[in-house]
Amino acid sequence: MEELDGEPTVTLIPGVNSKKKQMCFDWGPGEMLVCETSFNKNEKSETEPGCPFIYIIRKDIDVYSQILRKLFNESHGIFVGLQRIEEELTGKSRKAQLVRVSKNYRSVIRACMEEMHQVAIAAKDPASGRQFSSQVSILSAMELIWNLCEILFIEVAPAGPLLLHLLDWVRLHVCEVDNLLAGVLGSENPSKHESFWNLVTILVLQGRLDEARQMLSKEADANPSSAGMCRILGDLMRTMPVLSPGNTQTLTELELKWQHWHEECERHLQDSTFAASPHLESLCKILLGDEAALLEQKELLNNWYHFLVTRLLYSHPTVKPIDLHLYAQSSLDLFLGGESSPEPLDNILLAAFEFDIHQVIKECSIALSNWWFVAHLTDLLDHCKLLQSHNLYFGSNMREFLLLEYASGLFAHHSLWQLGVDYFDYCPELGRVSLELHIERIPLSTEQKALKVLRICEQRQMTEQVRSICKILAMKAVRNNRLGSALSWSIRAKDAAFATLVSDRFLKDYCERGCFSDLDLIDNLGPAMMLSDRLTFLGKYREFHRFYGEKRLADAASLLLSLMTSQIAPRSFWVILLIDALPLLEEKEVVFSAEQTYELMRCLEDFASRRPVWREPGVQRLQEDVENTKLEMLRLALARNLGRAIIKEGSLEGS
């Protein structure tokens, strides 16, 4: 895409005076944070505020409009549907499907426009009313442009049908005539209504000749002196050659018929058939396509493109698409008459009539307040194979660039970001990278939202992002002392270090309370316990307690001994493991064999030799005395068990 022709719009930030204050800026995916620092360029005066402030500039404020959010939501479904049917689109059905998709987009725009119009009418605050009215004007312009692009680029209407489409286009977007028609027909004497002739003129300007003839018949009934003139003009309107959709006549035949009809209109004008009625004479001149007569009706035409279509209807009904831009430019010049400059909308419509798609997209990108319009229109035109040759210098094509910009704006919103995911998905070159960067910045304010983000990442095999989200959730759970949830998230993240940290918290909690929390989770760790040594120890130590509770004493003893000899238990936990052996040593039946007892003795002495010695009196010394007492009891129990085990094993050998 070419560089912008003009400078970008300057955004003024309330309260910012960069000459007196030091400011800092931070860019986000869809917004910029501006804040005052503690370093001022000059000394502050008494009149200036004495506290710093923060101001957020949003790149795409339209995502925060309730009504426009409906536009984004509805169009998202149309967009996704278009991407999915792409493979099925072939031949004639392809064009019909693309036209249908285009009409669906336009219906969404119109629905939002009508709702916005109702809100503008109901607004109690004048400022809000003006804001909503401005949005209505923007939506109306969007539909106007889209409809024209649909006719020229998607329908690709040839000469003849092209004018019929353009007439429908004008009638749809210049709709005040319907209210005027209802008002005139609802009066007691329509032909005497102050707007009667304005109504007839507008109907003729829009090519609604049947309705114009009906109005003329009312004039003929009310004014017998003009009945003959009304009948002649009505006959001219009735006999005007028009290429209807089901008509099989060729363009050459139409041109010949139209030429004869045009000559007949001109003959009536030269014969002064309508000289007695200035209104009827003016209407005859319009039928002849007289530019001066058309320009006299500027107020009724409203805009230059209405003037263009009326001019084509009565002067060049078989205009070819390739010649449209010539008539468009001359119509704009004639209509403005050098009194004013073209508006951005005029430039966009001119670019469309010139079949310059890229200029249309460029002008729309500059003029419109968000990326919705250009992103969806470009995507649709790309499906029409109209943008294949236009790649941007940094690698991505124009369709993808605009979709990425639009999706980035959606990610600035707390709920619309979910729509943005699908737009990134359908950007094959840079979509995944962009999604990874944006999804990491989503604030995980609730666990429900975090689960949504996680599911999206898992569906797309975004391993690093899954791990990162699980770590964040695990950390939050630890801070809230929800150890079970923290352990579950750390396992899901496959984070060995964090799983070790949470396991240590579980063991510490056990030491303080004498029981485990979240037993269901620990009992069902399965292969996940192999993630870290500490997690393995936690799972196995809980299994030891379960064996003991189920009176599977031999299994409990064997597991306890393996926990001590495998060196996976933290050293601070050794004394607990040794003391856990006491109830097993005191059982009536011998649980530990002589060999196992020797192993326990070795572990006990190994632990005793490595214990720190507290030289100063205090709490530590008291704890040491308690431990010494327990260890002495353990030595005695081990000695007794060793004797019992040797006797039992000797008697078994003797027998």
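Going by the structure above, here's the rest.
Residues numbered from 1 in each chain as written. Predicted model: local features only at pLDDT ≥ 70, side-chain atom pairs only at ≥ 80, totals over all residues. Heavy atoms only, no water.

For this particular structure, what's the right way to read the overall build of the chain?
Each helix and strand counted, the chain has 31 helices and three strands in total. Burial analysis of the chain (655 residues in total) assigns 46% to the buried set. Counting only contacts in the chain whose residues sit at least 6 apart along the sequence, the fraction spanning at least 24 positions is 63%. Carbon and sulfur atoms make up 53% of the accessible area of the chain, which amounts to about 34000 Å² in all. (Helix = DSSP H or I, 4+ residues; strand = E, 2+ residues; numbered from the N terminus. Buried < 20%, exposed > 50% of the residue type's maximum accessible area, 1.4 Å probe, protein only. Contact = heavy atoms within 4.5 Å. Areas by Shrake-Rupley, 256 points an atom, 1.4 Å probe, with all protein chains shown as cover.)

Is there a simple way to think about the side chain of Thr 310 in this case?
Position of Thr 310 among the secondary structure elements: in helix H13 (residues 304–315). Of the residues examined, Thr 310 reaches a relative accessible area of 0% and is grouped as buried.

Would you mind going over the environment of Val 101 with me for this structure?
Topologically, Val 101 is positioned in helix H2 (residues 91–122). Here Val 101 falls in the buried class, since its relative accessible area comes to 4%. The sequence separation of Val 101 and Phe 79 amounts to 22 residues, and the corresponding C-alpha distance is 8.6 Å. If we skip the residues at most four places from it in the chain, Val 101 touches Ile 78, Leu 82 and Leu 380.

In this structure, what is going on with the side chain of Ser 75? I would like to understand it.
Relative to the helices and strands, Ser 75 is located in helix H1 (residues 66–85). A distance of 3.2 Å separates a polar side-chain atom of Ser 75 from the backbone oxygen of Phe 72. A distance of 2.7 Å separates a polar atom in the side chain of Ser 75 from a polar atom in the side chain of Trp 372. Other than its neighbours up to four places away in sequence, Ser 75 contacts Tyr 105, Val 108, Trp 372, His 376 and Tyr 423. (Polar contact = N/O pair within 3.5 Å; in protein donor to acceptor, adjacent residues only side chain to side chain.)

Sorry if this is basic, but what is going on with the pattern of salt bridges here?
Where charged atoms from two side chains of opposite charge approach closely, those side chains can pair. Inspection of the entire model under this criterion finds 25 salt bridges. Where Glu 115 meets Lys 70, a salt bridge forms, and the shortest distance between an N and an O atom there is 2.8 Å. Note that Glu 115 is positioned in helix H2 and Lys 70 in helix H1, a separation of 45 residues in sequence. Each member of the salt-bridge network shares a partner with another, and the members are Lys 103, Arg 106, Arg 110, Glu 143 and Glu 150. (Salt bridge = Lys/Arg side-chain N within 4 Å of Asp/Glu carboxyl O.)

Is there a simple way to explain the packing of aromatic side chains in this structure?
For any two aromatic rings, the description comes down to two numbers: the centre-to-centre distance and the angle of the planes. Using the criterion set out here, one finds 20 aromatic pairs in the structure. Plain terms: the ring middles of Phe 307 and Phe 335 are 6.1 Å apart, the flat faces sit at 35° to each other, and that makes the pair tilted. With Phe 307 in helix H13 and Phe 335 in helix H14 (residues 324–336), the pair connects residues that are 28 residues apart, well separated along the chain. Considered together, Phe 307 and Phe 335 belong to a single accessibility category, that of buried residues. With a centroid separation of 5.6 Å and 10° between ring planes, the pair formed by Phe 537 and Tyr 541 is classed as stacked. In this pair, Phe 537 and Tyr 541 are both assigned in helix H26 (residues 533–549), four residues apart and thus about one turn of the helix distant. On the basis of relative accessibility, which here comes to 0%, the residue Phe 537 falls in the buried class. Members of the aromatic cluster, joined through ring pairs, are Phe 72, Phe 79, Tyr 406, Tyr 423 and Tyr 426. In this structure, Lys 298 is placed above the aromatic ring of Phe 335, and the distance from its NZ or CZ to the ring centre is 5.4 Å. Note that Lys 551 overlies the ring of Tyr 548, its terminal NZ or CZ placed 5.9 Å from the centroid. (Phe/Tyr/Trp six-rings, centres within 6.5 Å; stacked < 30°, edge-to-face > 60°. Lys NZ or Arg CZ within 6 Å of the ring centre and 35° of its normal.)

Looking at this structure, I do not really get the packing of helix H6 (residues 196–205) against helix H7 (residues 209–222). What am I missing?
The axes of two packed helices give the description: the angle between them and the distance between them. Where H6 meets H7, the axes come as close as 8 Å, and the angle between the chain directions of the two elements is 155°. Between H6 and H7, the interaxial angle falls into the category roughly antiparallel. Regarding H6 and H7, the two cross each other, and that crossing is left-handed. Together, Phe 196, Trp 197, Leu 199, Val 200, Leu 203 and Val 204 of H6 and Leu 209, Glu 211, Ala 212, Met 215, Leu 216 and Glu 219 of H7 make up the contact between the two elements. Here the residues of the contact of H6 with H7 sort into ten nonpolar, no polar and two charged. (Axes fitted to C-alpha atoms, helices over the stretch in contact; angles between N-to-C directions. Parallel < 35°, antiparallel > 145°, perpendicular 65-115°, else oblique. Left-handed = near helix turned anticlockwise from the far one by under 90°. Nonpolar A, V, L, I, M, F, W, Y, C, P; charged D, E, K, R; others polar.)

Which parts of the structure should I look at to understand helix H10 (residues 278–287)?
An α-helical turn contains 3.6 residues, so any two residues separated by three or four positions project in the same direction. Within H10, the full set of buried residues consists of Leu 280, Ser 282, Leu 283, Cys 284, Ile 286 and Leu 287. Those residues of H10 hidden inside the fold are in contact with H6, H7, helix H8 (227–239), helix H9 (251–270), helix H11 (291–295) and H13. Downstream of H10 by a residue or two, Gly 289 has a phi angle that is positive, lying close to 75°.

Hey, could you run me through the state of the cysteines in this one?
Such a bond, covalent and formed between the sulfur atoms of two cysteines, is termed a disulfide. All chains considered together, the criterion is met by zero disulfides. Unpaired in terms of disulfides, Cys 284 finds its nearest cysteine sulfur in Cys 265, a separation of 5.4 Å. Among the residues examined, Cys 284 registers a relative accessible area of 0% and is labelled buried. (Disulfide = S-S within 2.5 Å.)

How should I be thinking about the nonpolar core in this particular structure?
Nonpolar side chains tend toward joint burial in soluble globular proteins. The biggest cluster of nonpolar side chains holds 190 residues, and the ones touching the most others in it are Trp 169, Leu 233, Trp 304, Phe 353, Trp 372 and Phe 373. Other than its neighbours up to four places away in sequence, Trp 372 contacts Leu 71, Phe 72, Ser 75, Tyr 105, Ile 109, Met 142, Trp 146 and Tyr 406. (Core = buried A, V, L, I, M, F, W, Y, C linked by side-chain atoms within 4.5 Å.)

Even after reading the chapter, I still don't get the packing of helix H19 (residues 417–425) against helix H20 (residues 431–439), so can you show me in this structure?
Their axes nearest at 8 Å, the elements H19 and H20 cross at an angle of 155°. With respect to H20, the axis of H19 lies roughly antiparallel. Note on element contacts: H20 touches H19 through Gly 431, Arg 432, Ser 434, Leu 435 and His 438, opposite Val 421, Phe 424 and Asp 425. Grouping the amino acids of the contact of H19 with H20 by side-chain chemistry returns three nonpolar, three polar and two charged.

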